Amino acid sequence: MVAEVNEKNIFEIRDLSIYYGKFQAVKRVILNIEAHKITAIIGPSGCGKSTLLRSLNRMNDLITNSWVEGQLLFKGIDIYQKDTDVIELRKRVGMVFQKPNPFPSSVYENVAYGPKIRGVKKKSQLDEIVENALVRADLWKEVKDKLSESGMSLSGGQMQRLCIARSLAQEPEVLLFDEPTSALDPISTANIEDLLQELRKTVTIVIVTHNMQQAARVSDYTAFMYLGEMIEFGDTDMLFVNPQNKLTEEYITGRFG
Amino acid sequence: MAVFDVELSALKERVLKLGSMVETAVRDSVKSLVEKDSDLARKVIERDHLINAHEVKIDEECIRLIALRQPMAKDLRFITTAMKITTDLERMGDLAVNIAERAIELNEEPLLKPFVNIPKMAEITQEMVRDALEAFVRGCTKLPYKVIKRDDEVDDLTVKNFNELLTLMIQNPRIISLAVKRTYIAKYLERIADHATNIAEMVIYMCKGKIIRHISPSEET
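Because the structure is a prediction, the values reported are computed rather than measured.

(A) Fine view of the overall build of chain A. Per the secondary structure count, chain A includes ten helices and ten strands. The C-alpha atoms of chain A give a radius of gyration of 18 Å, which matches the 18 Å a tight globule of 257 residues would have. With respect to the three principal axes, the spread of C-alpha positions in chain A is 55 × 45 × 35 Å. Here chain A holds 257 residues, and 42% of them are scored as buried.

What follows is the structure in structure tokens.
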């Protein structure tokens, strides 16, 4: 089914509810994600923000008793239709997790893995993809002389950028970040944040973060969720200076509950 | 109360303390003129450094809170408002010093004509300052709008005062020096009223998150 969409929006979330068994983690959320922008989702633990993020490339499918109601359009097509090619979807909508999780193989193999799986065999072509992805992840200069060393031997910040490079090698249109810097020191965090600004030119970014200052620094739009509901969504500047909803204000000023 | 809330309320107290120091300076400066009390005028001048020191303290406190607390939303608007209105208050203190200086000079000379416009201007101006600070304390009320409206009354009196003195100067050029000093004083009061207006505008920003400076009332929704 192709629904009517605004082309500016790469995702249109329409009345989406997500359940784990009987528990409703996300409640009838309506949200548009604009292409080539950074959208941050904030909210207290258990508010449904990670569940919502993971629904964007159907990562929740991996949780046995999860199910959804409503529509989630990616470029006008509902990704929760039965005939969706989930592998293809996850290639186009990549994900970077909280804890850097490189494969236990070389730096080169970490990045080349995806392209190899999808059938790229020529060494020169693989070399090009690997270099390109590492350059885009701002890691090339640091690892170009140790491509054969283990990905696990890198520092935390470098490992996270390696994971970003691994995703980029798949030429995704969207990258989902779930707390990408919570395990990193401030300098590595700043590197990743700068990288997000650079990546935004070519991919759309959705980031879940507990760090409100990070949401304020990196995002164009911010969504605030509470108890599974979308409480407020708007321009990041506006949301942090003059939120319209009392709950949002209480949360971002640290006076919650 | 959370520690941060205690800090914010202490900041508010400090701004109010500065406000009351400035109110006293303005009141005494006008009194020193109308009552020909040069000793009082000298006191206003002497006490100005206390106002300046207090302003610096508030600025430092605001910067500290921004750095350590990274305030958001209404807290951010409150702290930036405190910082800006402190500058306005300090400038009012300087203008009170200017009035006191002119008062000392004029008190040495014979009275040109009884003071009529200046006490009236001083009264309105002081009310504006008081109301602007009251608005800052009470937050979202209609009070800041009242302050902004009253600025026109002070402006009108400044013009009236100037025209009257101009007539006297034309009639008798020997009094020009004295008359000019009296127009200065009116101008100082008019500037104080402008600063009170700035404070009122910042209070509206603090409440609504909307900057209304340099917007005509008809544009404001």
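(B) Representation of the sheet that holds strand S3 (residues 38-42) of chain A within the structure. Residue and element names in this part refer to chain A. Across the sheet, which stays open at both edges, the six strands sit in the order S6-S7-S8-S3-S9-S10 with mixed pairing between neighbours. The two strands at the open ends of the sheet, each matched to only one other strand, are strand S6 (93-96) and strand S10 (229-235). Within this sheet the neighbouring strands show an average axis-to-axis angle of 20°, counted without direction. For strand S9 (residues 221-226) and S10, the ladder comprises six bridges, and the chain directions are antiparallel. Residue Tyr221 lies in a different strand from S10, and its bridge partner there is Asp235.

(C) Expanded view of the nonpolar core. Counting 128 residues, the largest nonpolar core has Ala165(A), Ala132(B) and Leu189(B) as its most contacted members. If you tally residues by element for this core, the top one is helix H3 (residues 73-107) of chain B, at 15 residues. The contact partners of Ala132(B), leaving out residues within four places of it in the chain, are Pro144(B), Val147(B), Ala196(B), Ile199(B), Ala200(B) and Val203(B).

(D) Broad picture of helix H2 (residues 38-69) of chain B. Residue and element names in this part refer to chain B. End to end, H2 covers 46 Å across 32 residues, agreeing with the expected 46 Å (1.5 Å per residue, within 8%). The principal kink in H2, of about 30°, is found at Arg47. Looking at H2, one finds that the buried residues are Ala41, Val44, Ile51, His54, Glu55, Ile58, Cys62 and Leu65. Looking at the buried residues of H2, the elements they touch are helix H1 (3-34) and H3. Remark: Gln70 follows H2 within two positions and exhibits a positive phi of approximately 40°.

(E) Quick look at the packing of H1(B) against H3(B). Residue and element names in this part refer to chain B. Where H1 contacts H3, the axes come no closer than 8 Å and their chain directions differ by 15°. Regarding the angle of H1 to H3, the classification is roughly parallel. In terms of crossing hand, the pair formed by H1 and H3 is left-handed. Residues of the contact of H1 with H3, tallied by class, amount to 19 nonpolar, five polar and one charged.

(F) Representation of the pairing of strand S4 (residues 66-74) of chain A in the model. All names here are of chain A. In this structure, strand S1 (residues 9-20) lies alongside S4, joined through eight bridges in antiparallel fashion. Each residue of the ladder has a partner; that of Ser17, found in S4, is Glu69. Pairing between S4 and strand S5 (residues 77-78): two bridges, direction antiparallel. Bridge pairing in S5 links Phe74 to Ile77. Connecting S4 to the antiparallel partner S5 that follows it, the hairpin turn spans two residues, and Lys75 within it adopts a positive phi of roughly 50°.

(G) Main features of the interface of chain A and chain B. Listed as interface residues are nine residues of chain A and, on the opposing side, eight residues of chain B. In terms of residue class, the side of chain A that touches chain B is made up of five nonpolar, three polar and one charged.

(H) Just the confidence of the model for chain B, in detail. All names here are of chain B. The pLDDT averaged across chain B works out to 94; a share of 97% of its residues lies at or above 70. For chain B, the element scoring lowest by mean pLDDT is helix H4 (residues 117-138), at 95; H3 scores highest, at 97. Among the scores for the predicted complex, ipTM is 0.74 and pTM is 0.84.

(I) Spotlight on the pairing of S1(A). Residue and element names in this part refer to chain A. Relative to strand S2 (residues 23-34), S1 runs antiparallel, the two being bridged by eight bridges. Residue pairing for S2: Tyr20 is matched across the bridge by Phe23. Counting the residues between successive antiparallel strands, the hairpin from S1 to S2 contains two residues, one of them, Gly21, with a positive phi of roughly 60°.

(J) Broad picture of the sheet that holds S5(A). The four strands are arranged S2-S1-S4-S5 (chain A) in an open sheet whose pairing can be described as antiparallel. For this open sheet the edge positions go to S2 and S5 of chain A, each flanked by a neighbour on one side alone.

(K) Spotlight on unusual backbone geometry. The residue Arg58(A) is not glycine, and still its phi comes out positive at about 60°. The residue Arg58(A) is located in the loop between helix H1 (49-55) and S4 in this model. Under the C-beta neighbour-count criterion, Arg58(A) is labelled partly exposed, with 19 such atoms within 10 Å. A positive phi angle is found at Lys36(B), which is not glycine, with a value near 50°. According to the C-beta neighbour criterion, Lys36(B) is partly exposed, with 14 such atoms within 10 Å.

(L) Representation of the environment of Ile99(B). With respect to the helices and strands, Ile99(B) occurs in helix H3. The residues contacting Ile99(B), other than those within four sequence positions of it, are Ser29(B), Val30(B), Leu33(B), Ile185(B) and Tyr188(B).

The rules behind each value
- Residues numbered from 1 in each chain as written.
- Chains lettered and ligands numbered in written order.
- Predicted model: local features only at pLDDT ≥ 70, side-chain atom pairs only at ≥ 80, totals over all residues.
- Helix = DSSP H or I, 4+ residues; strand = E, 2+ residues; numbered from the N terminus.
- Rg over C-alpha atoms; globule rule 2.2 N^0.38 Å.
- Buried ≥ 20, exposed ≤ 12 C-beta atoms within 10 Å, placed from the backbone.
- Pairing = 2+ DSSP bridges.
- Axes fitted to C-alpha atoms, helices over the stretch in contact; angles between N-to-C directions.
- Core = buried A, V, L, I, M, F, W, Y, C linked by C-beta atoms within 7 Å.
- Contact = placed C-beta atoms within 7 Å.
- Expected span 1.5 Å × (residues − 1).
- Bend = angle between axes of the 7 residues up to and from the residue.
- Parallel < 35°, antiparallel > 145°, perpendicular 65-115°, else oblique.
- Left-handed = near helix turned anticlockwise from the far one by under 90°.
- Nonpolar A, V, L, I, M, F, W, Y, C, P; charged D, E, K, R; others polar.
- pLDDT = per-residue confidence, 0-100.

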